[in-house]
Every structure is written in structure tokens, then in C-alpha cells.
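Below, each chain spelled out in residue letters.
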Protein chains: 2
Amino acid sequence: MVAKNLNFSKLKSSYLFIQIEQKKTEFLEKNPGVELINLGIGDTSSPIPQFISEKLAAAAIDLGTVTGYSGYGSSAGNPQLRKRISEVLYPNLVDGDEVFVSDGSKCDIGRLQILFGRDVTIAVQDPTYPVYVDGTLLQGATDEIVKMSCTPENHFFPDLSSLPRTDLIYFCSPNNPTGSVATKEQLKQLVDFAKQNQSIIIFDSAYAGFIQDPQLPRSIYEIEGADEVAIETGSFSKLAGFTGVRLGWTIVPQKLKYSDGSSIRDTWIRTISTIYNGPSNIAQAGGLAVLEPEGQRSVKRLIEQYMSGAQKLAVSLKQSGFVVYGGENAPYLWVRCEDKNSWDSFHELLEKSHIVSTPGAGFGMAGEGFIRFSAFATADDIEKAIEALAN
Amino acid sequence: MVAKNLNFSKLKSSYLFIQIEQKKTEFLEKNPGVELINLGIGDTSSPIPQFISEKLAAAAIDLGTVTGYSGYGSSAGNPQLRKRISEVLYPNLVDGDEVFVSDGSKCDIGRLQILFGRDVTIAVQDPTYPVYVDGTLLQGATDEIVKMSCTPENHFFPDLSSLPRTDLIYFCSPNNPTGSVATKEQLKQLVDFAKQNQSIIIFDSAYAGFIQDPQLPRSIYEIEGADEVAIETGSFSKLAGFTGVRLGWTIVPQKLKYSDGSSIRDTWIRTISTIYNGPSNIAQAGGLAVLEPEGQRSVKRLIEQYMSGAQKLAVSLKQSGFVVYGGENAPYLWVRCEDKNSWDSFHELLEKSHIVSTPGAGFGMAGEGFIRFSAFATADDIEKAIEALAN
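Note that the structure is predicted; figures quoted are calculated from it, not measured. (Residues numbered from 1 in each chain as written. Chains lettered and ligands numbered in written order. Predicted model: local features only at pLDDT ≥ 70, side-chain atom pairs only at ≥ 80, totals over all residues.)

For chain A, the helix and strand inventory stands at 12 helices and 13 strands. Its C-alpha atoms give chain A a radius of gyration of 21 Å, within 12% of the compact-globule value 21 Å for 391 residues. When its C-alpha atoms are laid out on the principal axes, chain A stretches across 60 × 55 × 55 Å. Within chain A, residue pairs in contact and separated by at least 24 positions form 73% of the contacts whose partners lie at least 6 positions apart. (Helix = DSSP H or I, 4+ residues; strand = E, 2+ residues; numbered from the N terminus. Rg over C-alpha atoms; globule rule 2.2 N^0.38 Å. Contact = placed C-beta atoms within 7 Å.)

Core analysis: the largest hydrophobic core is formed by 245 residues, its most contacted members being Ile201 and Leu333 of chain A together with Ile201 and Leu333 of chain B. Residue contacts for Leu333 of chain B: discarding those within four places in its chain leaves Gly179, Ala310, Leu313, Ala314, Leu317, Val324, Gly326, Gly327, Phe373 and Ala375 of chain B. (Core = buried A, V, L, I, M, F, W, Y, C linked by C-beta atoms within 7 Å. Buried ≥ 20, exposed ≤ 12 C-beta atoms within 10 Å, placed from the backbone.)

Under the fitted operation, chain A is carried onto chain B by 0.0 Å of movement along the axis and a turn of 180°, and the coordinates agree to an RMSD of 0.0 Å. Here the two chains are linked by the operation of a two-fold rotation axis. When C-alpha distances to the rotation axis are compared across chain A, the minimum falls at Ala57 of chain A, with a value of 2.0 Å. A shared binding surface is used by both copies, with 99% of the interface residues of chain A retained as interface residues in chain B. (Least-squares fit on C-alpha atoms with pLDDT ≥ 70 in both.)

All names here are of chain A. Taken in spatial order, the seven strands line up as E2-E8-E7-E6-E5-E3-E4 in an open sheet, and their pairing is mixed. This sheet does not close on itself; its edge strands, each paired only once, are strand E2 (99-102) and strand E4 (146-149). Strand-to-strand twist of the sheet, defined as the mean angle between neighbouring strand axes without regard to direction, takes the value 20°. In the sheet, strand E5 (residues 168-172) pairs with strand E6 (residues 200-204) via five bridges, with the strands oriented parallel. (Pairing = 2+ DSSP bridges. Axes fitted to C-alpha atoms, helices over the stretch in contact; angles between N-to-C directions.)

It is worth spelling out helix H2 (residues 50-62) of chain A at this point. Over its 13 residues, H2 of chain A runs 18 Å from end to end, which matches the ideal 18 Å to within 8%, given 1.5 Å per residue. In this structure, the buried residues of H2 of chain A make contact with helix H7 (237-240), helix H9 (281-290) and helix H10 (293-319) of chain A together with helix H2 (50-62) and helix H9 (281-290) of chain B. (Expected span 1.5 Å × (residues − 1).)

The figure often quoted for interface size is the accessible area lost as the parts come together. Counting residues at the interface gives 76 residues for chain A, matched by 75 residues for chain B. Counting residues per element, the side of chain A that touches chain B draws most heavily on H2 of chain A, at seven residues.

Residue and element names in this part refer to chain A. Domain annotation of chain A identifies domain 1 (6-48 + 294-390) and domain 2 (51-292). At the junction of the two partners, domain 1 supplies 37 residues and domain 2 supplies 41 residues. Put simply, the parts of the chain that give the side of domain 1 that touches domain 2 at least two residues each are H10, strand E9 (324-326) and strand E10 (332-336). Looking at the side of domain 1 that touches domain 2, the element that brings in the most residues is H10, giving eight residues. (Domains from an automatic or database assignment.)

The following block contains the structure:
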């Protein structure tokens with residue numbers, strides 16, 4: 001028969017959050033009836049604001065009418081939505097033609113690798129969202145991945161001077177899992193580093209909507225010249241509770257070029273028109289609703305609710321003596337576990353407090369000794385977690 | 001900067017249907033006000049049956065409620081939908097665990113290549129849907145693609161005895177673009193050929209719902225032993241007007257193995273959980289509605305309407321002296337153009353009759369001398385086309 005893609009052997013046998021799901025299932029089999037407190041996977045728990053869910057429904061109803069029906073859309077997304085994303089989320093920074101709407105950041109991160117082919121070299125933050133590594137390895141990136149250590153000691157920003165050149169640099173801010181946000185000065189260093197090294201930054205801004213401090217950058221394009229070295233991915237998932245609806249976007253600037261001077265944006269268009277067909281038209285109608293003034297107000301309230309949970313949880317953890325990072329401009333708390341490795345802490349939290357967390361080591365070596373708590377839990381689960389942690 | 005994926009140079013500069021879109025735009029710029037009759041891209045034109053659009057809308061409304069909200073689903077799709085696809089569309093042939101729901105066949109065809117890695121060899125029907133070739137080339141398949149010529153002379157089924165072994169064999173039935181359907185005997189030959197050669201068939205059944213003749217196979221799994229050599233993709237796009245909603249599926253049987261004896265299905269699960277996140281939960285609710293008895297009746301009516309258009313168009317073309325293939329168990333007519341190449345015929349139809357078609361040569365060498373007409377047009381456009389062709 002046909003041989004297996006050898007790259008599968010470079011991956012762990014299963015994806016981190018599937019491992020955690022299995023641990024949960026095993027625990028519940030041994031302890032039937034226990035109600036777990038879910039602070040694990042960063043999955044939204046609050047309903048989509050009604051203003052937006054009603055627009056989603058209206059789009060679906062329209063598809064049942066002669067005048068409202070539409071079939072294939074552009075693989076790049078609805079032009080109106082592309083324009084609104086640029087105007088509302090990237091005012092004076094990005095043009096609508098540079099926005100490509102998709103079924104989510106994770107899916108785009110998978111597809112982006114096609115632009116550069118096999119044998120690219122990559123750098124990732126350590127700890128890091130596992131998809132950057134696994135997704136690129138699957139598609140043939142070299143397995144000598146450069147890890148940019150991000151720890152409390154360096155304020156979660158890597159020492160760039162010590163790093164070798166790579167083709168691609170994956171960078172996530174606000175960061176999953178540490179909850180840290182790079183400052184403008186730090187992002188400028190990153191852009192300068194990419195320019196010197198002729199690297200391309202893949203900037204993941206999925207949590208930009210959670211930034212509370214107006215001084216912190218929400219997009220890498222706030223840094224001058226970033227449009228010559230950076231692709232940015234964004235998402236409606238956490239912004240508007242669209243984790244199940246599936247809607248995100250990728251910015252591929254006009255000015256971004258390959259080493260031969262040709263346009264990267266042109267090959268992105270060729271890629272998505274060949275092996276992709278655009279996101280659901282219903283989801284896109286929801287995206288337009290999110291970007292209306294009423295939609296923006298409703299998602300602001302949603303985010304405030306999650307961030308209030310993050311704050312309460314942080315206070316409680318600190319009162320219990322834990323050292324806590326993040327949670328101020330990002331929905332994740334990054335908590336040092338005392339004297340234990342992070343999988344042991346994960347198990348202890350699960351067994352003693354019935355809390356599902358994510359072990360930091362699942363995000364890389366530099367995550368060892370930490371636990372990630374997601375604030376996307378229900379208010380009820382946050383209360384229960386605070387109570388359980390106090391005991 | 002970073003180098004371009006060299007595989008882009010193996011592709012034509014743009015995707016066939018984008019080329020046609022450009023030709024349309026150019027024509028309309030020169031001839032403002034002309035109303036074109038669209039028999040080009042196979043895009044559905046009739047509304048989604050109301051029973052189904054209302055279920056889509058209800059799912060969206062539910063997402064705005066505390067009890068109805070859901071976030072991330074399984075990357076493999078809603079388990080209930082997986083089960084219903086197996087029960088309704090593959091009774092006694094496929095298990096729910098072998099069904100993977102996705103945002104569409106085209107997208108899955110892009111992802112499937114990851115299972116086998118670079119340098120795979122492929123065979124495709126000629127003429128063929130361009131995505132099999134372009135999608136695999138992009139991801140590093142060898143560019144010596146084996147073309148399985150399908151012409152009126154061989155009743156649109158290739159002479160397998162003359163073909164070399166390849167790793168993958170892409171096969172589409174009912175066929176896009178020729179509108180032909182392989183018989184059970186022919187598919188048995190194909191399965192036997194794959195077994196002898198230790199090849200894997202990627203069987204595209206996107207148009208299975210259009211088969212009228214109960215003797216013709218709707219799935220390759222109707223052939224005994226096909227589950228050891230075939231992956232099948234399917235789609236709600238043409239079945240239920242979901243081209244914009246985005247919903248399809250892929251069957252990866254338990255019995256399908258790599259040359260080392262390991263499970264292909266396991267690596268598919270690893271692939272989709274790493275670089276994909278499942279289709280929209282709203283679209284999946286629509287898929288469940290399609291598979292309810294009332295949904296099945298409504299899509300049957302929809303298909304009858306398109307097939308009635310295909311029949312009328314075929315009769316009219318034959319009356320005008322054209323040789324017409326397909327259109328009986330598939331929504332495409334494959335029409336021989338007399339004494340002209342297919343791009344010339346495309347232009348003549350556009351300019352003289354204002355009909356947008358698809359030139360056969362766009363689907364490969366063996367498509368030269370043919371024009372494809374799509375019966376997914378509105379009833380109104382079908383009437384206008386018949387009138388225009390009569391003149």
C-alpha cells in the first residue's frame with residue numbers, strides 16, 4: 001500500500017487537548033457523578049449576544065428564499081466583511097484587499113505553510129500553542145525548531161539577540177498560554193529582528209479583543225514596516241463566542257514579498273482558491289453583525305464578563321499563595337505550581353479540587369512548572385473554582 | 001526574504017473558474033447591460049428548502065441562549081451527524097466512526113494529501129476536476145501525473161490495463177465534467193486494479209444524489225473490499241444547496257492501512273485535530289435536517305428540478321444537432337463542439353448567445369473539443385438558454 005507521511009512520526013501521538021479530554025473521561029469513569037469545573041481548553045461558554053445570533057438566523061432564513069439565496073462566495077470571503085474588518089479592527093493600517101476571511105485561525109495556520117513549501121525553518125515562543133509546531137511539522141518544516149523561551153525572568157519576551165535566523169517566526173500576543181502581551185517597543189524589536197534576518201512573522205492576534213490597556217498593541221501592523229515582514233491571523237472565536245460557528249481571518253499585506261520579489265498575497269489567493277472555498281455565508285453574516293456598533297457593544301460586554309472572571313480567579317489564587325501571571329489583558333492565567341511538575345499538578349487539581357486545567361508542559365519545555373487556567377469558563381464554574389481552591 | 005514554494009510554478013497562474021469569471025467581467029465591461037445566462041460554474045441557484053433553512057436558523061437562535069449554546073465541537077464533526085450520514089447515505093456499508101464531517105469536499109481533498117506526504121504519484125481522470133491536480137501539486141506530489149483518458153470512445157471509463165501504478169487514484173463518479181456514471185462492474189474493475197497495485201482510490205461522490213438509475217452505484221463502498229483501498233468524499237453542496245453554507249464529509253474506513261500496516265484513519269484524526277476544527281455547528285444542524293425524512297423529501301424535489309432542467313437542455317441541444325453526453329444521472333451536460341476548440345466555442349457562446357459555459361479543455365487535454373453545461377442554473381436561465389441555442 002501507500003507509505004505514511006513520515007512527518008507523523010515527528011508528532012506526539014495525540015493533540016494536547018485530546019489528551020486532556022481523555023484524562024477527564026478516565027477520571028469520570030472512576031468517579032461517576034462528580035461535576036468537573038472546566039478551566040481547561042480555552043472554549044467559550046457564554047451564549048452569542050442575541051443581536052448577533054439573530055443576524056445569523058436571519059441569514060439562514062434568507063437562504064431559504066429566492067431573493068436571499070446565495071451559493072459559492074469568494075474563497076477570500078465576502079468583500080463587505082473584508083472591508084469592515086479592515087475599517088473596524090485595523091483603521092488606517094490594513095486595506096480590505098489584504099484581509100482574507102476564513103473558517104478560523106487554526107485552519108489558516110495549517111494552510112499558510114503551503115506558501116513556503118517544505119524544509120522551512122521555524123521559531124516559536126516557548127511555551128507555545130501546539131498547532132504552530134505540529135501543523136508545520138506535518139507539512140514538512142524542518143524539525144530543528146528554534147524555541148524562543150518566554151518566562152517570568154525575561155518578562156515573557158524572548159532575548160532575540162541570542163536567536164539564529166529562521167524563515168518563519170510564530171508569535172502570539174496576547175499570548176496563549178502565558179496571558180502576557182508584548183508592548184509596542186517589544187514588537188518593534190521583533191519586526192526589526194525579522195527585517196535583519198529576512199524572516200516572516202506569523203502573528204497570531206486571536207486574543208486582541210481582550211486587551212484592556214490602550215497602550216498595548218492589538219495588531220503587529222501598529223509597528224511601522226511590519227507590513228513588509230508579517231502575516232497576521234485573527235479570529236471571531238473568542239471575540240464573539242464563535243468557537244463553534246467558525247470564523248476568522250488572515251491579513252496578507254500587499255507589500256509582503258518572497259525572496260524573488262514576487263507577491264506572497266498572490267500565492268495566498270491561488271492557495272485558497274485551489275484547496276479552500278471560503279467560510280460559511282451564515283457565519284460571515286454573523287461577522288458583519290459583530291462589527292456593527294450594536295455588535296461591538298455586545299461583544300465588549302461579553303469580554304468584560306470573561307475578564308472579570310479572570311480577575312476574581314487571579315485574586316483568589318494570589319490569596320492562596322500562588323504566583324500568577326497574565327489575566328489582565330488576556331483570558332488566560334499562567335500559574336506557577338510549587339515544587340511539582342505540571343502534569344502532577346494537573347492531576348492533583350483534577351482529583352482533589354475537580355478542576356480541569358491545562359498543564360504548562362503541554363505547551364513546551366519552558367511551560368514546565370506552570371498550569372494554565374482559562375477564564376472562558378461560566379461565571380458559575382469560576383465561583384466553584386474559587387471555592388475549591390480556597391479549601 | 002523567504003523563498004516561494006516551488007510547487008506554485010507547476011500550477012497555471014489561476015484557477016479555471018476564476019479565469020471564466022474574468023472572461024465574464026471583460027465581456028460585461030464591453031457590453032454593459034447584457035444579461036448573461038449562467039451555465040458555467042456548477043453553482044446551485046435554488047433556495048435551500050425551507051424545512052432545512054428553518055433548522056439552520058433555529059440552530060443559530062439556540063447559540064444565543066444559555067441552554068442552547070455550544071463552543072468547539074469535535075474536529076471529526078457532530079457524532080449524531082456522523083451516525084446519520086452513515087445510516088441514511090451508506091446503510092450497512094459504513095460505520096459512523098468512519099465518517100468525518102467537514103466544511104466541504106474541496107477542502108478535504110486539500111487536507112487528504114497530508115496523509116501521504118510529499119512525492120506521491122497520482123492518477124486522475126482526463127478530463128478532471130482541476131483541484132485534484134492543483135491541490136496535490138501544491139503539496140508536493142510528483143508532477144508526472146498519470147491521466148486516465150475518459151472519452152465517448154471508451155464510454156468514459158479508462159482502459160486500466162494500459163495504466164502504470166500510482167500511489168493515489170482520484171476518481172469522480174457521477175463525473176464532473178462529463179456527467180457519466182461508472183457502473184458497478186466498472187467500479188469493481190477499479191477496486192481490483194487498486195488492490196493489485198496497492199494504490200489508494202480517492203473517490204469523489206459529490207454528485208451521488210443526482211443518480212436516477214437505481215442500478216448505478218452511489219458509493220464505492222457498494223463494491224466489496226473497497227473499504228481496504230478507498231477513501232470517499234461527499235458533499236451537501238449540490239445535494240441541498242449548501243455551496244455557500246459549507247458542509248461535506250470524508251469516509252476513512254477502519255480497514256484502510258498504510259504499507260507499514262498502521263491505520264490511515266488514525267492519522268486522519270491526528271491531521272484534522274491539528275490543523276482543522278470541524279465545520280460550523282450551524283451548518284451541521286442543517287446537515288441533520290437534510291437527513292430527516294422531511295429533509296430527504298425536500299432535497300429530492302430540488303434534485304428533480306435541476307435534473308428536469310438538464311433533460312430539457314439536452315433535448316434542445318440534440319435538436320440543434322449537437323452530440324450530448326451526461327445529464328441523465330448527473331447535473332452536467334458534456335457537449336461536443338463541432339470543428340472548434342473548446343475555448344473558441346466558449347467565446348462564441350458568450351458573444352453570440354450570451355451563455356456562460358465551461359470550456360472542456362479547462363478540465364484537461366481529453367476535454368478539448370467539448371463544452372460543459374451546468375444544470376444548476378435557474379429554471380429561467382435554462383429556458384433562456386434553450387431559446388438562445390435555438391437561434
